[in-house]
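Chains, contacts and geometry: an overview
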Amino acid sequence: MEKKLYTITIFSENTPGLLNQITIIFTRRQLNIETLSVSPSSIKGVHKYTISVCCDADMIEKVIKQIEKRIDVIRAFYNTDDELVYQEIALYKVSTEALLDGNLEAIIRKHNARILEVDRVYTIIEKTGHTEETKQLFDELNEFNVLQFVRSGRIAITKSPIERLTDYIAKRESRRKELEEKA
């Protein structure tokens, strides 16, 4: 089967140790997590894990089923890039002396990056975009000797008009009410 990049979205309560339980699922299947980010979701009390992994369709199905077996996981979904709007953020530190060179400023403008801080010794540049874009800027800035570099994990939202978890919760609540009425 063909391997491709999938983005997994996991909704859970903010429970200590859950991240470890989730990463073990990938380790056991010898899957490398490409990116990982965790944040509160749009639903109060629910956290959202966004994980990107390269594997085949059969493997992603198995991983999702394993993740959903965790008690603290409310729901897990996977998507391909065409179903998402996603970004990463990268920070680059270069010497301020290099900034005085007009070429560096042109590179920053060309990539729609922005300068966050200018110090006597260093300048910090920020770029938001896809992995390829942040990597391309790194390659061009590295001609001026990048002193430090860091890139966040992928953050993503679906192109669906509603959060998939909201739909799931509504269906679950409707089903609960039906069962109560029958009892």
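One can find the structure itself at the top, above this paragraph.
Now for a description of the structure that goes with this document.

Criteria and thresholds
- Residues numbered from 1 in each chain as written.
- Predicted model: local features only at pLDDT ≥ 70, side-chain atom pairs only at ≥ 80, totals over all residues.
- Heavy atoms only, no water.
- Patch = residues over 30% accessible without salt bridge, like charges linked within 9 Å, V, L, I, M, F, W, Y side chains within 5 Å.
- Areas by Shrake-Rupley, 256 points an atom, 1.4 Å probe, with all protein chains shown as cover.
- Salt bridge = Lys/Arg side-chain N within 4 Å of Asp/Glu carboxyl O.
- Helix = DSSP H or I, 4+ residues; strand = E, 2+ residues; numbered from the N terminus.
- Buried < 20%, exposed > 50% of the residue type's maximum accessible area, 1.4 Å probe, protein only.
- Pairing = 2+ DSSP bridges.
- Axes fitted to C-alpha atoms, helices over the stretch in contact; angles between N-to-C directions.
- Contact = heavy atoms within 4.5 Å.
- Phe/Tyr/Trp six-rings, centres within 6.5 Å; stacked < 30°, edge-to-face > 60°.

For the rest of this paragraph, the subject is a nonpolar patch on the surface. A cluster of nonpolar side chains, I89, L91, L116 and V150, forms an exposed patch at the surface whose accessible area comes to about 290 Å². Along the chain, I89 turns up in strand β5 (residues 84–95). For I89, a relative accessible area of 32% corresponds to the partly exposed category.

On the basis of which strands lie adjacent, the open sheet formed by 4 strands has the order β2-β3-β1-β4 and antiparallel pairing. Sheet topology places β2 (33–40) and β4 (73–79) at the edges, where each strand pairs with a single neighbour. When the angles between neighbouring strand axes are averaged without regard to direction, this sheet yields 15°. Where helix α1 (residues 18–28) meets the sheet, it contacts β1 (4–12), β2, β3 (47–55) and β4, and its direction lies at approximately 15° from that of β3. Along the sheet, helix α6 (residues 164–182) contacts β1 and β4; its crossing angle with β4, the most-contacted strand, is approximately 135°.

Once that is clear, we can look at the packing of aromatic side chains. Aromatic ring pairs are defined here through the distance separating the ring centres and the angle between the ring planes. One pass over the full model with this rule turns up 4 aromatic pairs. The interplanar angle of 80° and the centroid separation of 5.6 Å between the aromatic rings of Y6 and Y78 together place this pair among those described as edge-to-face. Of this pair, Y6 sits in strand β1 while Y78 sits in strand β4; the two residues are 72 residues apart in sequence, bridging distant segments of the chain. Classification of Y78 by relative accessible area gives partly exposed; the value is 26%. Centroid distance F11 to F77: 6.2 Å. Interplanar angle 75°. Geometry classified as edge-to-face. In this pair, F11 sits in strand β1 while F77 sits in strand β4, placing the two residues 66 residues apart along the sequence. The exposure class of F77 is buried, given its relative accessible area of 7%.

What follows covers the side chain of H111. Structurally, the position occupied by H111 is in the loop between α4 (102–110) and β6 (114–118). Filtering out sequence-adjacent residues up to four positions away, H111 remains in contact with K127, E133, Q136, L137 and E140.

Turning our eyes to something else, we now look at the pairing of β3. Counted residue by residue, β3 has 8 buried out of 9 residues, so it is predominantly covered. Sheet topology note: the β1/β3 ladder contains 9 bridges and is antiparallel. Bridging from a neighbouring strand, I10 pairs with Y49 of β3. Pairing of β2 with β3, which is carried by 7 bridges, proceeds in the antiparallel orientation. Across the sheet, the residue bridging to S39 is K48, located in β3. What sits between the antiparallel neighbours β2 and β3 is a turn of 6 residues, in which G45 has the positive phi angle 85°.

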